[in-house]
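# Residue-level structure breakdown
Below are the chains, spelled out letter by letter.
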Amino acid sequence: MDEKKTEEKQTCEAAAEETKPNVEAEACECECHEEAETCECEHEGKGHGHGRKKEVERLKAENEDLRKELDVAKNAYYKAYADTENAKRRLQQEFDTANKYKMQSFGKEILPVIDNLERALIVKSDSEDIKTYVKGFEMIYNQLIELLKKEGITEIEASDQPFDPNFHQALMQESREGVESGMVLEVLQKGYMIKDRILRPALVKVSE
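I will try to describe carefully the structure that is included in this document. The written sequence of each chain sets the order in which its residues are numbered from 1. pLDDT decides what is reported in this predicted model: residues at 70 or higher carry local features, side-chain atom pairs at 80 or more are listed and counted, and totals for whole chains, interfaces and linings draw on all residues regardless. The basis for the side-chain values is all heavy atoms of the structure; hydrogens and waters are excluded.

What follows covers the overall build of the protein chain. Scanning the protein chain for helices and strands turns up four helices and eight strands. Working definition: helices are DSSP H or I runs of at least four residues, strands are E runs of at least two. Numbering for both runs from the N terminus. Mapped in sequence order, the helices and strands of the protein chain form the string α-β-β-α-α-α-β-β-β-β-β-β. Accessibility here uses a 1.4 Å probe with only protein chains present; expressed as a share of the type maximum, an area under 20% marks a residue as buried, one over 50% as exposed, and anything in between as partly exposed. Within the protein chain, the fraction of its 208 residues that count as buried is 20%. Considering only intrachain contacts with a sequence separation of at least 6, the fraction spanning at least 24 residues in the protein chain is 53%. Here the protein chain has roughly 16500 Å² of accessible surface; of this, 51% comes from carbon and sulfur atoms. Here, two residues are considered to be in contact whenever any of their heavy atoms come within 4.5 Å of each other. The accessible surface values rely on the Shrake-Rupley method and a 1.4 Å probe; as for residues, cover is taken only from the protein chains in view.

In structure tokens:
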């Protein structure tokens, strides 16, 4: 009789245990080890925001590295661009200078010819043959002078001008009454400019 009561009691307890609600808290599957109900992580299915946060941090780090690489590339580009522009500007200046004074060597070579023609033109003679030759020299002289002017080669004004060592070279000095000191009394050899550069200074006699 007692054994039967004991079996019935055990059966009732087992049935009660099966019907007892499961109140044990389910553990969160994340690394925080909090209970699922109290975990503040952002769940997405069975995962949560921890993995996404790490991915965002990794992408931010990659973005920062790329930004630094871009800054380095930009600096290299700007430096190369500046160097190229400077080289281009320098080459252009050299070209302009060479083009501007391209007749300098020719001018220096032709000036002695001009000097000789000028000496021939001051020859005085009653001979018609000599006058004909002089007329021909004069035509050649005038053509050469016009050609030089077109290339920017012009005579330096010196006669009766104050002596200027930038344009004149004094070979002689002479005291002359009524003339103040430092004036050009006579041009012994004409000087010439090519554009804004001295091609040959004028050789002059200067008053004391």
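Further remarks concern the nonpolar core. Nine residue types can take part in a nonpolar core, namely buried Ala, Val, Leu, Ile, Met, Phe, Trp, Tyr and Cys, and a core is a set of them joined through side-chain atoms within 4.5 Å. Residues Ile-114, Tyr-141, Leu-148, Ile-153, Tyr-192, Ile-194 and Leu-199 are the most contacted members of the largest nonpolar core, which totals 14 residues. Those elements that place two or more of their residues in this core are helix 3 (104–121), helix 4 (128–150) and strand 6 (192–194). In this structure, Leu-148 is in contact with Phe-106, Ile-110, Ile-114 and Ile-153, ignoring residues within four places of it in sequence.

For two strands to be treated as a pair, DSSP must find no fewer than two bridges joining them. Strand order in this open sheet of three strands is 4-8-5, and the pairing throughout is mixed. Each having just a single partner strand, strand 4 (168–174) and strand 5 (184–189) make up the two edges of the open sheet. Neighbour-to-neighbour, the strand axes of this sheet turn through a mean angle of 30°, independent of strand direction. Sheet topology note: the strand 5/strand 8 (residues 202–207) ladder contains four bridges and is antiparallel. Bridging from a neighbouring strand, Gln-189 pairs with Leu-203 of strand 8. Geometry is summarised by axes, namely lines fitted to C-alpha atoms with helices restricted to the contacting stretch, and by angles between N-to-C directions that run from 0 to 180 degrees.

Before going further, it helps to examine helix 3. In this scheme, a helix's expected span is set at 1.5 Å multiplied by one less than its residue total. Its 18 residues place the ends of helix 3 25 Å apart at the C-alpha level, agreeing with the 26 Å of an ideal helix rising 1.5 Å per residue. Bend is computed residue by residue as the angle between axes fitted to the seven residues ending at the residue and the seven residues starting at it. Most pronounced at Ile-110, the bend in helix 3 amounts to some 30°, and the proline Pro-112 follows within four residues. Residues of helix 3 that are buried: Gln-104, Gly-107, Ile-110, Leu-111, Ile-114, Asp-115, Leu-117 and Glu-118. As for helix 3, its buried residues are in contact with helix 4, strand 3 (153–155), strand 5, strand 6 and strand 7 (197–200).

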